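# Structure assessment
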Amino acid sequence: WRMQFAPDAERRRGVKVIVDKKGDLVAEVPAARYYNTCLIVAAPGLLEQLEATVEMALSVAANWENGDLASSVRSLVQIASEAEEAIATAKGKTA
């Protein structure tokens, strides 16, 4: 899902819409509730990202202990990038 301004935003000021991956309307959201809605929409992705972060952190620790520092650094960069995407979604920004 993603948030965007209603197509006829001039007529319906302050209304945002939630659309699915196909672009179909899911819901209309008053501007005052926009950020709460962003968090609700982003919640599944945030949970998924948190679970992936835990898994990767354990992998980084194992690689580090085995002396594979390059792999550890690549994993950390990937963790940061994916976390930034999840945060952007939660803030209502699209990547």
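Rules of the game
- Residues numbered from 1 in each chain as written.
- Predicted model: local features only at pLDDT ≥ 70, side-chain atom pairs only at ≥ 80, totals over all residues.
- Heavy atoms only, no water.
- Helix = DSSP H or I, 4+ residues; strand = E, 2+ residues; numbered from the N terminus.
- Buried < 20%, exposed > 50% of the residue type's maximum accessible area, 1.4 Å probe, protein only.
- Contact = heavy atoms within 4.5 Å.
- Areas by Shrake-Rupley, 256 points an atom, 1.4 Å probe, with all protein chains shown as cover.
- Expected span 1.5 Å × (residues − 1).
- Bend = angle between axes of the 7 residues up to and from the residue.
- pLDDT = per-residue confidence, 0-100.
- Polar contact = N/O pair within 3.5 Å; in protein donor to acceptor, adjacent residues only side chain to side chain.
- Patch = residues over 30% accessible without salt bridge, like charges linked within 9 Å, V, L, I, M, F, W, Y side chains within 5 Å.
- Salt bridge = Lys/Arg side-chain N within 4 Å of Asp/Glu carboxyl O.

## As for the overall build of the chain
Within the chain, the regular secondary structure consists of two helices and three strands. Secondary structure elements of the chain, listed N to C terminal, follow the sequence β-β-β-α-α. When the 95 residues of the chain are sorted by exposure, 25% land in the buried category. Within the chain, counting contacts between residues at least 6 apart in sequence, those at least 24 apart form 29% of the total. As presented, the chain carries roughly 6900 Å² of accessible surface, and 58% of it is formed by carbon and sulfur atoms.

## Details of helix H1 (residues 34–65)
Between the first and last C-alpha of H1 there are 45 Å, a value that for 32 residues agrees with the 46 Å anticipated at 1.5 Å per step. At Ala 43, H1 is bent by approximately 50 degrees, the largest bend along its length, and proline Pro 44 sits one to four residues beyond. For H1, the complete set of buried residues consists of Tyr 34, Thr 37, Cys 38, Val 41, Ala 42, Gln 49, Met 56, Val 60 and Asn 63. A positive phi of about 85 degrees marks Gly 67, the residue just after H1.

## Some remarks on the confidence of the model for the chain
Taken as a whole, the chain shows an average pLDDT of 77; of its residues, 76% reach a score of 70 or greater. Model confidence for the chain, summarised as mean pLDDT per element, is weakest for strand S1 (residues 2–5) at 56 and strongest for helix H2 (residues 69–90) at 86.

## A short note on the side chain of Gln 49
As for its placement among the helices and strands, Gln 49 is situated in helix H1. Not counting chain neighbours up to four residues away, the residues in contact with Gln 49 comprise Ile 79, Glu 82, Ala 83 and Ala 86.

## Regarding the side chain of Ser 71
For Ser 71, the location among the structural elements is in helix H2. For Ser 71, a relative accessible area of 15% translates into the label buried. Polar side-chain contacts of Ser 71 include one of 3.1 Å to the side chain of Asn 63.

## Remarks on the environment of Ala 43
Relative to the elements of secondary structure, Ala 43 occurs in helix H1. Take Ala 43: its relative accessible area is 38%, and that puts it in the partly exposed class. Residues Ala 43 and Ala 86 lie 43 residues apart in sequence; the distance between their C-alpha atoms is 9.1 Å.

## Quick word on a nonpolar patch on the surface
Together, Leu 50, Val 54 and Leu 58 give the surface a local cluster of nonpolar side chains, amounting to about 310 Å² of exposed area. Structurally, Leu 50 can be placed in helix H1.

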